[in-house]
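# Structural description and commentary
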Amino acid sequence: MSSNKKYWKSVEELNENSSVVETLQQKEFAEEIPVDEFLGDKNSLESSKTSRRDFLKYVGFSTAAASLAACEGPVIKSIPYVVQPERIVPGVANYYASTIADGFDFASVLVKTREGRPIKIENNELSKSKGGVNSRVHASVLSMYDANRVKRPMIEGRNVSWEEFDREVGSALENVSGDMILLTQTFASPSTTKLINEFSEKYPNVRHVVYDTVSENDALNAFQSKFGKRALPNYDFSKAETIVSVGADFLGDWQGGGYDAGYAKGRVPKNGKMSRHVQFESNMSLTGANADKRYPVTPSQQKAVLAALYGYVAGGSSTSDLPAKIDDAVVKAARQLRKAGSGAVVVSGIPDANAQALVLEINEALGSAVMDTNNPRMIRQGNAEEVMQAVEDMKSGSVGAVLMAGVNPAYSLPNGKEFAEALAKVEVSLAFSMKPDETAQLCKFVAATPHYLESWGDIQYTASDFSLMQPTIRPLFDTRQFQDCLLKWTDNEKSYHEYIKETWSGSIPSWNTALHDGVFKATSPVEVGASEASGSINVAAAASELARPSENNGMELTLYTKPSMGDGQQANNPWLQEMPDPLTRASWDNYLTISKADAESMGLENENVSNGGLNGSYANVTLDGTVVKNVPVLIQPGQAKGTVGLALGYGKKEGVQEEMQVGVNAYPLYKNLNAVQSVTIEKAPGVHEFACVQLHNTLMGRGDIIKETTLEVFNTKDVHEWNSVPEVSLDHVEKPVTSPEVDMWEGFDRSIGHHFNLSIDLNACTGCGACVIACHAENNVPVVGKSEVRRSRDMHWLRIDRYYSSEDSFIDDLDKKENISGLGSSLSEFGELEEPADNPMVVFQPVMCQHCNHAPCETVCPVAATSHGRQGQNQMIYNRCVGTRYCANNCPYKVRRFNWFNYAQNEEFDYHMNNDLGRMVINPDVTVRSRGVMEKCSMCIQKTQKTILDAKREGREIEDGEFQTACSAACDKGAMTFGDINKEGAVIRDRKEDDRMYHLLGYVGTKPNVMYQTKIRNTTEA
């Protein structure tokens, strides 16, 4: 059967007597609309004799409606060009290929500009070496319009000209006594490497130290030891038949991320086959949530798991002190790896060089075609030992100058306070910075740098894959690139643009072609330092070391990065702050994730209050005398017992406006740049209020939300057994809900013209959230802030619901109960049945307006503000809407949003929309909605109409795949397919006719134009 599981969004739902859940099931809006603010005294209004008809007569259809609903926005006259810039046509978008390379995120992108303004980031489909654009990259366009940027060079806090800055810095560098440390991010740029070498020739005392905020140092060391090159192995998960991951969140930011597109290709059943994914981890991660089988294990157990895997696969034999259940899981995983052979791969996120060496050996023994060491990744180059040594040298006084580019060590180093004290001893301190951050505040010289959309650059992803960065707008402020400064200070008169062209001359056939495409294959024109493979890691000894039982006196902490915030570079980006975490569904926060059992033993609590908001305890986290105080605690189903998790990237104060100074700084716990630490946890006083949306807009109490089955059932059973069509009674005879006989609507012929449908494949969706931010950017979706999100007033047009389920089906649970024998069995197995939160299965389901052909919202709108278009879209006419919210109450999918306030140009909502700079990101093709109206997904009607008009103007037919929505274009996983079902041969037609297709809440009979593909899990053991 496909739907024999109980799905739940929140642990609160497991409480059968919860008044909170009951209230939210019955009540669409947890809080009353503040009508007294508009209409005077609320009590007198309620006691009046005015009927609903009179209310609509005097308010809904009169000039007073404008006061109540505030439908009419201000009119701003456009200003014509006096001299039109070349290549810019008003109203027509231009696209430029470019690259983001901020040291943490590396991706080739297409930048959409309107009238010279970058307004949207999209995937560059020509890029094959790196996965698609994640949520942070989509949001990066807003970071360019940040009013908190450093706008010009500064010396000791005063603004200066670049001439004075060059003069003062040049003089200071000439007179430096001692070493000069150049501390930079990973640039992965051949031209920058060449330029730093030339700078080092002029100043022989320069020492270049590369610092990755989130380190991959152990994996780099292991690869360098075996292959003689400081790089990372590359993986193509689309080739994988069996994937075993030990603590690697490879669908997140592990080793630079970008692996999710390849992974998704192998997860969609084709010819009866799909990959099998087994995950061992402590935190519930995005990768673990997508696994077929997940085992919660502590970080110390992960080492033993990997050592045992090595023994079973490559070492011939293995013994371990692991619990029997985990050891059995390792044996089964090893059997599957051996069976898959070259189609198998093992990956690990354990921060230990021995562990990373074992991964290379296991994959080599398997002959894995998934792992590629001949074309390794170059986007992580940091050296943790050199970074720590640099701080020690600064403390000793042997360093005369420190130049920093693309890094913020005063915030992100675990010994940030020591670094700040050491920096005060350095004679010349210079920060190349885009923000007045913690490090820039401490430096004598601050060089204002541009955003990547204002910059030139070249990036090396792998040994043979490169991309170019080009400016898409003139610099907004008086800024200069780090590389242009080095050119100036080495007496080179070239611009960095000319320098890049010169570097690549002779290495690529055509500069213009490379710049147009954004990506190209080549051999680097600059020699990167390489050494002979040292083989310094003894693999047999490494396996023995990992298998040795470890002594941990406290809780094991695993530090991680969220899909929204990453390493914290974009902490001042409200789009990212408001994006709910895929797993916890909380925004505007980081928090200590902990298992239910551990939370109960420590007296830590979570509680849902009457309006659905989530409250939690505080805890103090201590590591070797370092205490991070008042960390909010969130009980996370699936968290391994004895472990806790905490996200990096939060708690920034400098260069961040007050509303976004949220969360706690976890970097002080990142000792030795190691993500796993042994800490002590103690409860702290107070209650934290989370902005958690897990109970908002809920579909609780309804069936057929998620349809799911196994690969075996999918291959062997009839479709009606695992994907049955809901039936309703007609004259006491059951009829399919899709039958015209049970249809109360009079439809019209939709076979003429375009008819748009959207398909969402639950197997391919990883829950990453890129579509959420893409929708935000394309449709001018407002940010409402933490307080409003907590009140269920988040405005996202697209949400990704996260559902948990018990690991076993109801039938298996009953069998287990019936077969319990003896007191010992009873105590253990009944306990397992009572704890569905220990290790739940997870499903992600994107939900937006379903654009129902039989839309319940359309029949209840008293002013015809919502209606159905000929092309299948459910449309909103904002100027008609008076904000009755009847449509939201009548929508079974809970996808409509009410504008409680004016969010743009309102001091109460200061999220980059109160100044001309922030408003430059607005898409002019989409109305900025005003207070008092309902809004929701439009299926990007502006994009579909542009495609139709372009084809009409060019006198051609529209090709399949041309029609796109923001979400479908953003999803490089292939989870979202958009198109015209009236077009012969269209992919969307295949999706609609596929056996896995079903409609959300299909039994309601709304006949949506959005469809879902049933979730299939590969439960087949070798």
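Now for a description of the structure that goes with this document. (Residues numbered from 1 in each chain as written. Predicted model: local features only at pLDDT ≥ 70, side-chain atom pairs only at ≥ 80, totals over all residues. Heavy atoms only, no water.)

### A look at the packing of helix 8 (residues 190-202) against helix 18 (residues 482-489)
Where helix 8 contacts helix 18, the axes come no closer than 10 Å and their chain directions differ by 35 degrees. The handedness of the crossing between helix 8 and helix 18 is left-handed. In this structure, helix 8 contributes Thr192, Leu195, Ile196, Phe199 and Lys202 to the contact, and helix 18 contributes Phe482, Gln483, Leu486, Leu487 and Trp489. (Axes fitted to C-alpha atoms, helices over the stretch in contact; angles between N-to-C directions. Helix = DSSP H or I, 4+ residues; strand = E, 2+ residues; numbered from the N terminus. Left-handed = near helix turned anticlockwise from the far one by under 90°. Contact = heavy atoms within 4.5 Å.)

### Thoughts on helix 7 (residues 162-174)
Helix length check: helix 7 (13 residues) gives 18 Å between terminal C-alpha atoms against 18 Å at 1.5 Å per residue, within 8%. Buried within helix 7 we find Trp162, Phe165, Asp166, Val169, Gly170, Ala172 and Leu173. Each buried residue of helix 7 lies within a common arc of 165 degrees when the element is viewed along its axis, so the set occupies one face. Exposed and facing more than 90 degrees away from the buried side of helix 7 are Glu163, Arg167 and Glu174. (Expected span 1.5 Å × (residues − 1). Buried < 20%, exposed > 50% of the residue type's maximum accessible area, 1.4 Å probe, protein only. Arc of directions from axis to C-beta.)

### Quick word on the pairing of strand 17 (residues 445-448)
Burial along strand 17 is two-sided: the face carrying Phe445 and Ala447 and the face carrying Val446 and Ala448 are both buried. Judged from the two bridges that link them, strand 5 (residues 154-155) and strand 17 form a sheet pairing that is antiparallel. The partner of Ile155 across the bridge, within strand 17, is Phe445. Direction of pairing for strand 16 (residues 428-433) relative to strand 17: parallel, over a ladder of four bridges. Counted as the bridge partner of Ala431 is Val446 from strand 17. (Pairing = 2+ DSSP bridges.)

### Considering the side chain of Glu788
When you line up the elements, Glu788 lands in helix 27 (residues 786-790). Overall, Glu788 belongs to the buried group, its relative accessible area being 8%. In contact with Glu788, not counting residues within four places along its chain, are Arg793, Asp794, Phe901 and Phe909.

### A look at empty space enclosed by the protein
One pass over the full model with this rule turns up 18 cavities of 30 Å³ or more. For the largest cavity, the calculated volume is near 920 Å³. Those elements that provide at least two residues to the lining of the largest cavity are strand 2 (94-101), helix 6 (135-144), strand 15 (399-405), helix 16 (409-412), strand 16, strand 18 (457-460) and helix 18. Residue classes in the lining of the largest cavity are distributed as 20 nonpolar, 22 polar and seven charged. Quantified by volume, the second largest cavity comes out at close to 230 Å³. Looking at the second largest cavity, it is lined by 17 residues, and the ones nearest its centre are Asn780, Val781, Pro782, Val783 and Met913. (1 Å grid on protein atoms, 1.4 Å probe; cavity = no way out; pocket = protein on both sides within 12 Å on 5 of 7 lines; lining within 4 Å. Points joined across faces, edges and corners; volume = space filled by probe spheres on them. Nonpolar A, V, L, I, M, F, W, Y, C, P; charged D, E, K, R; others polar.)

### Section: unusual backbone geometry
Its identity is not glycine, yet Asn672 carries a phi of approximately 55 degrees, on the positive side. Residue placement: Asn672 occurs in the loop between strand 27 (643-647) and strand 28 (676-692). Judged by its relative accessible area of 55%, Asn672 is exposed. Positioned with a positive phi, Arg885 is a non-glycine residue whose angle comes to about 70 degrees. Take Arg885: its relative accessible area is 11%, and that puts it in the buried class.

### Regarding the sheet that holds strand 4 (residues 117-123)
Sheet strands associate in pairs through backbone hydrogen bonding, adopting either a parallel or an antiparallel arrangement. Strand order in the open sheet formed by three strands is 2-3-4, and the pairing between neighbours is antiparallel. Two strands bound the open sheet, and with one partner strand each, they are strand 2 and strand 4. Sheet twist, expressed as the average angle between the axes of neighbouring strands with direction ignored, equals 35 degrees. The pairing of strand 3 (residues 106-114) with strand 4 spans six bridges and is antiparallel. By the bridge assignment for strand 4, Arg114 is matched with Arg117.

### Notes on the pattern of salt bridges
Per the stated rule, a full pass over the model turns up 44 salt bridges. Arg136 is the partner of Asp253 in a salt bridge, and the nearest nitrogen-oxygen pair spans 2.6 Å. Taken together, the residues span a long stretch of sequence, with Asp253 in the loop between strand 10 (242-246) and helix 10 (260-267) and Arg136 in helix 6 at a distance of 117 residues. Summarising the burial analysis for this pair, Asp253 and Arg136 share the class buried. Here Arg953 ties to Asp950 by a salt bridge, and the two come within 3.3 Å at their closest N and O atoms. Taken together, the residues Arg953 and Asp950, both in helix 32 (residues 941-954) and three residues apart, mark about one turn of the helix. Residue classification places Arg953 among the exposed residues on the basis of a relative accessible area of 62%. (Salt bridge = Lys/Arg side-chain N within 4 Å of Asp/Glu carboxyl O.)

### Observations regarding the sheet that holds strand 18
The antiparallel open sheet is built from three strands, whose spatial order is 18-19-20. Of all strands in the sheet, those bounded by a partner on one side alone are strand 18 and strand 20 (519-521). This sheet shows a mean twist of 25 degrees between the axes of neighbouring strands, independent of strand direction. As paired elements, strand 18 and strand 19 (residues 465-469) share four bridges and run antiparallel to each other. Its bridge partner lying in strand 19, Gly457 is registered against Met469. Contacts from helix 19 (residues 496-504) reach strand 18, strand 19 and strand 20, with the element oriented near 45 degrees to strand 18.

### Re the packing of aromatic side chains
Summed over the entire model, instances satisfying the criterion amount to 31 aromatic pairs. On the numbers, 5.9 Å between centres and 20 degrees between planes, the contact of Tyr235 with Phe237 is stacked. You'll find Tyr235 and Phe237 in the same group, each marked buried. Both rings, one in Phe237 and one in Phe250, keep their centres 4.5 Å apart while their planes meet at 10 degrees; by these two values the pair is stacked. Of this pair, Phe237 sits in the loop between strand 9 (232-235) and strand 10 while Phe250 sits in the loop between strand 10 and helix 10, and the two are 13 residues apart along the sequence. In this structure, Phe237 and Phe250 share a single accessibility class: buried. (Phe/Tyr/Trp six-rings, centres within 6.5 Å; stacked < 30°, edge-to-face > 60°.)

### Topic: the nonpolar core
Within the largest apolar cluster, 115 residues are counted, with the highest numbers of intra-cluster contacts made by Ile121, Trp575, Leu758 and Met976. When sequence neighbours within four positions are dropped, the list of residues in contact with Met976 reads Leu758, Ser759, Ile760, Cys771, Leu798, Pro846, Met848, Cys967, Ser968 and Cys971. (Core = buried A, V, L, I, M, F, W, Y, C linked by side-chain atoms within 4.5 Å.)

### Observations regarding the pairing of strand 3
The buried fraction of strand 3 is high, at eight of nine residues. Examined bridge by bridge, strand 2 and strand 3 share eight bridges and lie antiparallel to one another. By the bridge assignment, Ala97 is partnered in strand 3 with Leu110. Joining the antiparallel neighbours strand 2 and strand 3 is a turn of four residues, in which Gly103 adopts a positive phi near 95 degrees.

### Concerning the environment of Trp489
By the secondary structure assignment, Trp489 is in helix 18. Judged by relative accessible area, Trp489 falls into the buried class, the value being 5%. In sequence terms Trp489 and Val169 are 320 residues apart; their C-alpha atoms lie 8.6 Å from each other. Beyond its immediate chain neighbours, meaning those up to four positions away, Trp489 contacts Phe165, Asp166, Val169, Leu173, Phe199, Lys202, Tyr203, Leu403, Leu430 and Phe432.

### Some remarks on the packing of helix 7 against helix 18
The geometry of helix 7 relative to helix 18 is characterised by a closest axis approach of 11 Å and an angle of 65 degrees between their N-to-C directions. Here the hand of the crossing between helix 7 and helix 18 comes out right-handed. Here Trp162, Phe165, Asp166, Val169 and Leu173 of helix 7 lie close against helix 18, whose contacting residues are Cys485, Lys488 and Trp489. Tallied by class, the residues present in the contact of helix 7 with helix 18 amount to six nonpolar, no polar and two charged.

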